[in-house]
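# Reading the structure
Spelled out, the chains give:
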Amino acid sequence: MTIDEFCRMPVWYEALSEYAFPTRFVPVPEELARLIASGDAEAVAASPLADAMISELKKVLAGVPGNCFASIDGCAPTDTERYAGKRGATYSAKSTFFNLASSAKVRAAAAAGAMKNICIRPFRRMSWPREFRLFIRDGKLSAMSQYHLVRHFRRLEGYRDRYWQMAADFAEMISDRLPAGNIVADIYFTSGWEILLIDFNVWGPPTDPLMLLDWDRDWSEPAGICLMAEPYRLQGDVNVSF
């Protein structure tokens, strides 16, 4: 199995479901995926295929308490208004489907033939300081980056060593279930000090190296955990000229 194949959520979830949020998968007919890829919102809304998909989603959502979070095999609709305003939380089958169909990322994936399933899990309002990206090289943790690069989170400094050791142990524990080679994993530390998998990504572009800044670096030595630095505060007389 190639890394690309493994990074499809239905594939890696089968191997590692006990370390992930409970997830259900709804197959997407090829014709519907092509329609979504076209970007014709009116045609999608009027299609009997969309109605049938919404009916299937209703069955799945009936077993999800509260809101859900929906993605497809290899990407999430993080470029939508729903994600910006509500972190992607949806409640009805209709809003779940049309939120996916409105995403340019999802449409691009559909155009590339990478929309095989809609992936449904319960929505969880995750704490940004507890999300990280792991860079796993030959089954060993090589580097670890803060995922949300919005600001310095002071609380992370006190957990730096513990987070690194937990992530390193986790990477080694699951290494025999990973395909040969290098891979990137996105994880979440729960309040109970457990690690949950969110996603897997290919090693190298187009995956964002985040705080590692560049893929063209020496990966032979572990880089440790990379966090946003505390901003500097200037004191005293500061003269600025333009």
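Let me begin by describing the structure that accompanies this report.

### Brief notes about the sheet that holds strand β8 (residues 224-226)
Read across the open sheet, the five strands follow the order β7-β6-β4-β5-β8; overall the sheet is mixed. The open sheet terminates on both sides in strands that have one partner only, identified here as β7 (195-202) and β8. With strand direction ignored, the average angle separating the axes of adjacent strands in the sheet is 25°. Where helix α9 (residues 155-174) meets the sheet, it contacts β4 (131-137), β5 (140-146), β6 (183-189), β7 and β8, and its direction lies at approximately 140° from that of β5.

### Concerning the nonpolar core
Taken as a class, soluble globular proteins show a tendency for nonpolar side chains to be buried jointly. Core analysis: the biggest nonpolar cluster contains 36 residues, and Trp12, Leu16, Phe132, Met144, Phe189, Leu197 and Phe200 have the highest contact counts within it. Contributions of two or more residues to this core are made by α1 (3-6), α2 (9-16), β4, β5, α9, β6 and β7. Residue contributions to this core peak at nine residues, all from α9. Ignoring anything within four residues of it in the chain, the contact list for phenylalanine 200 reads Phe6, Cys7, Trp12, Leu16, Ile174, Leu178, Ile183, Val184 and Ala185.

Conventions used here
Think of each chain on its own: its residues are numbered from 1, step by step along the sequence as written. Two thresholds apply to this predicted model, a pLDDT of at least 70 for residue-level local features and 80 or more for giving and counting side-chain atom pairs, whereas whole-chain, interface and lining totals are computed over all residues. Computation of side-chain values: all heavy atoms of the structure, hydrogens and water removed. Here, strands pair whenever DSSP counts at least two bridges between them. We count a stretch as a helix when DSSP gives it H or I for four or more residues in a row; a strand needs E for two or more, and each element gets its number in order from the N terminus. Throughout, an axis means a line fitted to C-alpha atoms (over the contacting stretch in the case of helices), and angles, computed between N-to-C directions, take values from 0 to 180 degrees. Pairs of residues are marked as contacts when any of their non-hydrogen atoms sit within 4.5 Å. Residues enter a nonpolar core if they are buried and are Ala, Val, Leu, Ile, Met, Phe, Trp, Tyr or Cys, with the set joined through side-chain atoms within 4.5 Å. Relative accessibility under 20% of the residue-type maximum defines a buried residue, over 50% an exposed one, and the middle range a partly exposed one, all with a 1.4 Å probe and only protein chains included.

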